[in-house]
Amino acid sequence: MCGRYTLAVQLDLITDRFLLKRVDAKEMFRFNIAPTQQAPVIYQTDSGRTLTMMRWGLVPFWAKDESIGNKLINARSETLAEKPSFKRSLERKRCIVPADGFYEWKKSTDGKTRTPMRIVVGQGDLFGFAGLWDRWKSPDGGSVESYTIITTEPNKFVSSIHNRMPVILSRDTEAQWLDPEITDPELLTPLLVPYNGEMKAYEVSTSVNSPSNDSPSLIEPIAPELL
DNA sequence: CCAGACGTTGTT
DNA sequence: GTCTGG
DNA sequence: CCAGACGTTGTT
DNA sequence: GTCTGG
């Protein structure tokens, strides 16, 4: 599944790649985005595609407190249309989560050790995860925007590393995913399929294990060869 | 009817 | 072992 | 996802 | 808010 990812690119590149109309975020380079942290998310507004910072871990609008978000960091594509926590966001609050890589921990055959791998698309291209978001009003009057990343079964490449993978939207389905006119789950879930383009993966340092680490060295290959 | 949960991954 | 926090 | 805590009474 | 279980 997807519990860590990277976004180490210039904001201009994100703006160009996703045709953004508004950018409500500062320049940043992230090498270890972890649940509960703030990260950039793209969603559709009246004025066009907007990028804004949200908390990773969905807090549905009806939640009594924020803590439910700690559990809702992923949503299974196979069932999200039926889940109370995701159903409404699927219809009305879909988003794209920009990234340039994600981490999966590959278990050794004996199951005793887990090796972090960084997986990238193409030649390390910028891409978008399929996500859902929501806005939660806190008792003190503030509001919290949060998101979750949708998962699916792995494609052939990722299956050698892990048994789930995040949904990476193909470029030509991104507009449909963000289109507010589309609200029928039957039209949306077919977009949530395993990525079918080229991917690469390489081993990285276990320094990535700790969410408090976030430096360029985390994405350096520690083994000389790409898979 | 009301009360209580609302999730995933991974492991067994 | 299981839950919480980042 | 992984890391780190997991508790109470009482005192500062 | 909405669904499931008692």
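Our structure is the block above this text.
Described in the following lines is the structure provided in the data block. (Residues numbered from 1 in each chain as written. Chains lettered and ligands numbered in written order. Predicted model: local features only at pLDDT ≥ 70, side-chain atom pairs only at ≥ 80, totals over all residues. Heavy atoms only, no water.)

## Things to note about the layout of surface pockets
With a probe scaled to a water molecule rolled over the atoms, the places where space remains empty come into view.
Move 1: Within this model, the largest pocket holds a volume of roughly 220 Å³.
Move 2: Lining the largest pocket are 14 residues, with Gln 44, Arg 92, Lys 93, Leu 178 and Pro 180 sitting closest to its centre.
Move 3: Within the residue set of the lining of the largest pocket, elements represented by two or more residues are strand 4 (38-45), helix 2 (87-92) and helix 4 (174-178).
Move 4: The residue inventory of the lining of the largest pocket, partitioned by class, reads six nonpolar, two polar and six charged. (1 Å grid on protein atoms, 1.4 Å probe; cavity = no way out; pocket = protein on both sides within 12 Å on 5 of 7 lines; lining within 4 Å. Points joined across faces, edges and corners; volume = space filled by probe spheres on them. Helix = DSSP H or I, 4+ residues; strand = E, 2+ residues; numbered from the N terminus. Nonpolar A, V, L, I, M, F, W, Y, C, P; charged D, E, K, R; others polar.)

## Thoughts on the protein's contact with DNA strand D
Move 1: In the vicinity of DNA strand D, the residues found are Gly 3, Arg 4, Pro 35, Ile 73, Trp 105, Arg 114, Asn 209 and Ser 210.
Move 2: Near the protein, within 4 Å, the atoms of DNA strand D are sugar or phosphate in 74% of cases.
Move 3: Here a base oxygen of DNA strand D sits 2.8 Å away from a polar atom, N or O, in the side chain of Arg 4.
Move 4: Here a phosphate oxygen of DNA strand D sits 3.3 Å away from a polar atom, N or O, in the side chain of Asn 209.
Move 5: When grouped by side-chain class, the residues that make up the surface near DNA strand D number three nonpolar, three polar and two charged. (Near = heavy atom within 4 Å. Polar contact = N/O pair within 3.5 Å; in protein donor to acceptor, adjacent residues only side chain to side chain.)

## Here's the deal with the protein's contact with DNA strand E
Move 1: Taken together, Phe 61, Trp 62, Pro 84 and Lys 87 form the complete shell of residues around DNA strand E.
Move 2: Close to the protein, within 4 Å, the atoms of DNA strand E belong to sugar or phosphate groups at a rate of 21%.
Move 3: Class assignment for the residues of the surface near DNA strand E results in three nonpolar, no polar and one charged.

## Observations regarding the side chain of Glu 174
Move 1: Positionally, Glu 174 belongs in helix 4.
Move 2: If near-sequence neighbours (up to four positions away) are discounted, Glu 174 is found in contact with Arg 17, Phe 18, Arg 49, Ile 96, Gly 128 and Leu 169. (Contact = heavy atoms within 4.5 Å.)

## Section: unusual backbone geometry
Move 1: If you check the backbone angles, Leu 19 has positive phi at about 55 degrees while not being a glycine.
Move 2: Along the polypeptide, Leu 19 turns up in the loop between helix 1 (11-18) and strand 2 (22-24).
Move 3: Taking the relative accessible area as the measure of exposure, Leu 19 reaches 57% and is therefore exposed.
Move 4: Of note, the phi angle at Thr 36 is positive, near 80 degrees, even though the residue is not glycine.
Move 5: Structurally, Thr 36 can be placed in the loop between strand 3 (30-33) and strand 4.
Move 6: The exposure class assigned to Thr 36 is partly exposed, which follows from its relative accessible area of 41%. (Buried < 20%, exposed > 50% of the residue type's maximum accessible area, 1.4 Å probe, protein only.)

## Describing helix 1
Move 1: Taken together, the buried positions of helix 1 are occupied by Leu 11, Ile 14, Arg 17 and Phe 18. The arc that holds the buried residues of helix 1, viewed along the axis, is 130 degrees, so those residues lie on one side. Facing away from the buried side of helix 1 by more than 90 degrees, the exposed set consists of Asp 12 and Asp 16.
Move 2: Phi turns positive, to about 55 degrees, at Leu 19, one or two residues after helix 1. (Arc of directions from axis to C-beta.)

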